[in-house]
Structure formats: C-alpha cells, structure tokens
Amino acid sequence: MKTLYLVRHAVAHSRDVNRWPDDGERSLTLEGERNFRFTAGQLGRMFGWVDVLLSSPFARAWRTAEVLDEETSWPAPVSFPALEPDVPPHKVAAALETYSDREYIVLVGHRPGLHELASYLLTGEAGRLNLGLKKGGVACLRFDGLPGAGLAKLSLLLTPKSLHSLAQSPDSGSG
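Reference entry: report on the structure contained in this document. (Residues numbered from 1 in each chain as written. Predicted model: local features only at pLDDT ≥ 70, side-chain atom pairs only at ≥ 80, totals over all residues. Heavy atoms only, no water.)

**A closer look at the pattern of salt bridges**
Piece 1. Scanning the entire structure with this criterion turns up 11 salt bridges.
Piece 2. Arg 15 is paired through a salt bridge with Asp 23; the nearest N and O atoms lie 3.9 Å apart.
Piece 3. We classify Arg 15 as exposed; its relative accessible area is 67%.
Piece 4. Residue Arg 60 is joined to Asp 23 by a salt bridge in which the shortest nitrogen-to-oxygen separation is 3.0 Å. Here Asp 23 lies in the loop between strand S1 (2-8) and helix H1 (30-47) and Arg 60 lies in helix H2 (residues 59-71), a separation of 37 residues in the sequence. Asp 23 shares its class with Arg 60; the two are buried.
Piece 5. Residues participating in the shared-partner salt-bridge network are Glu 33, Arg 37, Arg 63, Glu 66, Glu 70 and Glu 71. (Salt bridge = Lys/Arg side-chain N within 4 Å of Asp/Glu carboxyl O. Buried < 20%, exposed > 50% of the residue type's maximum accessible area, 1.4 Å probe, protein only. Helix = DSSP H or I, 4+ residues; strand = E, 2+ residues; numbered from the N terminus.)

Structure follows, in structure tokens:
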C-alpha cells in the first residue's frame with residue numbers, strides 16, 4: 001500500500017509584484033511559519049516516519065517542507081519541480097514513478113496544483129473534485145499500487161484548525 005500525504009504550504013505573504021517580481025520567491029509570513037511549526041509537530045506525531053519529503057522549489061512551499069523536517073523525524077526535503085503550481089496532475093503522477101519504491105511520500109505544494117492532483121488521483125479528472133485543502137492542511141491518499149488516475153482512496157483530510165483541536169482534546173494525551 002502506497003501513501004501520499006499532500007501538504008499545502010503554510011500561510012504566505014499576498015502576491016506583490018513590486019516585492020516579489022518572481023512569485024516563486026514569495027515567502028511565508030512569520031505568523032504562518034510559527035503556526036505551521038505546531039502543525040508540523042502534530043503531523044510528525046500522527047504519521048510517524050515517512051520515506052521521502054518532496055517539495056515545490058517555490059520559497060513558500062520549500063520553507064514549509066523545511067519546517068516539517070525541523071519539527072519531525074522526517075527526511076530533509078528534496079526539490080520536486082513537478083509540484084510547482086501549474087504543472088498538470090498527470091505530469092506529477094508520472095514524475096512520482098521515480099519514487100515507486102517508497103511507501104510513504106509527502107508532497108508539499110500549492111493551489112491549484114495539489115487540489116488538481118488530489119482530484120485526478122481520486123476521480124480521474126483534475127477539475128472534478130474540490131478537496132478544500134487549506135494552507136498548512138494535509139490530505140492523505142492511499143493506493144494499492146502506484147499512484148494513478150482515479151486509483152486513490154482518501155483516508156484523511158485535516159485543516160490546521162482540526163490539528164490544533166486534536167492536540168487539545170483530552171484523548172490526545174499519552175496516558
């Protein structure tokens with residue numbers, strides 16, 4: 001069974017062509033990074049080990065992946081240009097074949113790319129389903145074999161708010 005964790009980058013600054021003529025350089029806000037640190041720790045506790053952490057090379061996604069590395073026992077991020085915002089999902093799925101020997105894969109990316117990828121993997125069509133993946137949120141997709149169109153099963157969809165709620169619930173203690 002293959003597992004893909006789709007993580008949307010944390011809260012970033014708004015687009016500003018004067019400040020970031022290249023949108024790929026746009027960074028996380030300080031608050032976005034601070035809040036995601038907690039989320040990252042929760043994800044590490046919930047999911048344990050992963051085999052590979054792949055990230056869009058855009059600054060906001062890359063920093064999100066670095067925070068995951070810093071707050072978990074997960075491997076350091078690997079740049080994965082197929083996760084840039086406008087790469088079609090069938091190309092992302094094809095690029096994932098390089099990691100066919102890995103069981104647990106984390107993808108850190110953007111909207112619309114991650115949303116289209118999730119829809120494609122769940123339904124076979126990029127625009128058929130809007131998963132509602134929030135900034136700093138995660139979706140967990142499972143496959144019996146290699147990731148492909150319409151072959152995924154959604155096993156979990158969490159917003160940062162729901163992760164914070166889980167951490168504060170009385171049942172979340174290690175008692």
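**Some details on the packing of H1 against H2**
Piece 1. Following both chains from N to C, one finds H1 and H2 inclined at 50°, their axes separated by 8 Å at the closest point. Taken together, the axis directions place H1 and H2 in an arrangement best described as oblique. Considering the relative orientation of H1 and H2, their crossing is right-handed. Across the interface between the two elements, Glu 33, Phe 36, Arg 37, Ala 40, Gly 41 and Leu 43 of H1 pack against Arg 63, Thr 64, Val 67, Leu 68, Glu 70 and Glu 71 of H2.
Piece 2. Grouping the amino acids of the contact of H1 with H2 by side-chain chemistry returns five nonpolar, two polar and five charged. (Axes fitted to C-alpha atoms, helices over the stretch in contact; angles between N-to-C directions. Parallel < 35°, antiparallel > 145°, perpendicular 65-115°, else oblique. Left-handed = near helix turned anticlockwise from the far one by under 90°. Contact = heavy atoms within 4.5 Å. Nonpolar A, V, L, I, M, F, W, Y, C, P; charged D, E, K, R; others polar.)

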